[in-house]
Amino acid sequence: MDIVRCGVIGLGRLGYRHAANLAHHVSGAKVTAVCDTVPGRAEQTARELGVPAFTEDPVALLDRDDVDAVVVVTPTSTHGWFVDAVAQRKKALFLEKPLSLNLDEALRAVGAVRESGILCQLGFMRRFSPDYAHMEHHIKKGTIGKPLYFKGISRDPLAPPLDYVATSGGIFADQSIHDYDIARFLMGDEVVDVTAVGSILYSAEVANYGDVDQAITYLRFASGSAGDVEACRNAFYGYDIRAEVIGTEGTLSLASTHSNQVALLRPGRESYETIPGFLERFSEAYVIELQHFIECVKTGTNPSVGVVDGYHALAVAQAAQMSYQQGCRKSVPMAL
């Protein structure tokens, strides 16, 4: 097909960004319908982006004949239902991470995608960020020799709103899961066990949901390599994402909080603008991942990151959650 007709369900911050990118920045895509259960939001989005149809009913959008592919950016608790619903209709699916908050449901989702044969891409956008892709290129090329150790840091400027915390699945499944996935991606290996600890350093209200605002996960891979992942929700200076892979012949390091590379120098001080949030940090990656999705739909090619990756990342996150709660090392379920 020359044009992939897309429907977007869920129009919060990220969902709106996906809809806008598909409408204006992704070639070969056309947004034909948008949906959100919040009254008026879909209509407003349709008007702003020039989308011809809108609805508050997800089923109505899924049943439209002018929708070839569905982009789902809804609460994670709904993801399992959407996988089944889209699979039944034999449409392509782009699903934001995580695949589920329940490993059994995630396994059922993998089965539904496989049985139906639909194309399904998971929203792990870091894989499509040019800097992470550059790291993977050098690792595969052998530039740093054998990868020995992964280090990932994800720091948010503030804890998310409590209504989000209540349904997010916690810091391991919501925040660290990006690092778990990128660790698998860069190391080319599966995590076999984890040890996780966490604390509440500032955002005391997250304790009401069994969550923490600071966590560390130690990873051990099947090959014997290792790594650690830091998650922090108290980086008041801005949004800070870093990664490092240590190899036998060199190290790759990704670390920048700069919104640009120009520093302001004054007598006795140096300053620069920091990145305020994830939408700014990964703006390019969000476009590239959707372009990849559209090209896969057009050519019938499986996306580079799918439901199996979603299952593995969630398996690591759930093992980390149990490790934190039980105070001991936990094994990660076997690879699919």
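Being a predicted model, the structure only gives us computed values, none of them experimental. (Residues numbered from 1 in each chain as written. Predicted model: local features only at pLDDT ≥ 70, side-chain atom pairs only at ≥ 80, totals over all residues. Heavy atoms only, no water.)

## Re the packing of aromatic side chains
How two aromatic rings sit relative to each other is set out by the distance from centre to centre and by the angle between their planes.
Here comes step 1: Taken as a whole, this structure holds five aromatic pairs when the rule is applied.
Here comes step 2: Between Phe172 and Tyr324, the ring centres sit 6.1 Å apart and the planes meet at 40 degrees, which makes this aromatic pair tilted. Placement of the pair is Phe172 in helix H8 (residues 171–187) and Tyr324 in helix H11 (residues 307–326), with a sequence separation of 152 residues.
Here comes step 3: Looking at Phe172, the relative accessible area reads 1%, which means it is buried.
Here comes step 4: With a centroid separation of 6.5 Å and an interplanar angle of 85 degrees, the aromatic rings of Tyr239 and Phe282 are classed as edge-to-face. (Phe/Tyr/Trp six-rings, centres within 6.5 Å; stacked < 30°, edge-to-face > 60°. Helix = DSSP H or I, 4+ residues; strand = E, 2+ residues; numbered from the N terminus. Buried < 20%, exposed > 50% of the residue type's maximum accessible area, 1.4 Å probe, protein only.)

## Remarks on the sheet that holds strand E12 (residues 250–255)
Note: strands within a sheet are paired through backbone hydrogen bonds, in either parallel or antiparallel orientation.
Here comes step 1: Strand order in the open sheet formed by seven strands is E12-E11-E7-E10-E9-E8-E15, and the pairing between neighbours is mixed. Only two strands of the sheet have a single partner each, and these edge strands are E12 and strand E15 (330–331).
Here comes step 2: In this sheet, strand E10 (residues 226–232) lies alongside strand E7 (residues 147–155) in parallel orientation, the contact comprising seven bridges. Bridge pairing in E10 places Ser154 opposite Ala231.
Here comes step 3: Sheet strands in contact with helix H6 (residues 130–141) are E7, strand E11 (240–247) and E12, and its direction is about 5 degrees off that of E11.
Here comes step 4: Strands in contact with H11 are strand E8 (191–199), strand E9 (214–221) and E15; relative to E8, the strand with the most contacts, it is inclined by about 50 degrees. (Pairing = 2+ DSSP bridges. Contact = heavy atoms within 4.5 Å. Axes fitted to C-alpha atoms, helices over the stretch in contact; angles between N-to-C directions.)

## Overview of the layout of surface pockets
Here comes step 1: For the largest pocket, the calculated volume is near 1,400 Å³.
Here comes step 2: Residue lining of the largest pocket: 47 residues in total, with Arg13, Leu14, Tyr164, Asp174 and Phe278 positioned closest to the centre.
Here comes step 3: At the level of elements, helix H1 (13–24), helix H4 (79–88), helix H7 (162–168), H8 and helix H9 (278–281) are the ones that each hand at least two residues to the lining of the largest pocket.
Here comes step 4: Sort the elements by how many residues they give to the lining of the largest pocket and H7 lands first, with four residues.
Here comes step 5: When grouped by side-chain class, the residues that make up the lining of the largest pocket number 22 nonpolar, 14 polar and eleven charged.
Here comes step 6: Along its surface, the second largest pocket is lined by Val113, Arg114, Gly117, Ile118, Leu119, Cys120, Asn302, Pro303, Gly306, Val307 and Val308.
Here comes step 7: Contributing elements (two or more residues each) for the lining of the second largest pocket: helix H5 (103–116) and H11.
Here comes step 8: In the lining of the second largest pocket, the residues fall into seven nonpolar, three polar and one charged. (1 Å grid on protein atoms, 1.4 Å probe; cavity = no way out; pocket = protein on both sides within 12 Å on 5 of 7 lines; lining within 4 Å. Points joined across faces, edges and corners; volume = space filled by probe spheres on them. Nonpolar A, V, L, I, M, F, W, Y, C, P; charged D, E, K, R; others polar.)

## With respect to the environment of Thr274
Here comes step 1: Checked against the element boundaries, Thr274 lands in the loop between strand E14 (269–271) and H9.
Here comes step 2: Judged by relative accessible area, Thr274 falls into the partly exposed class, the value being 30%.
Here comes step 3: Counting along the chain gives 29 residues from Thr274 to Pro303, while the straight-line C-alpha distance between them is 33 Å.

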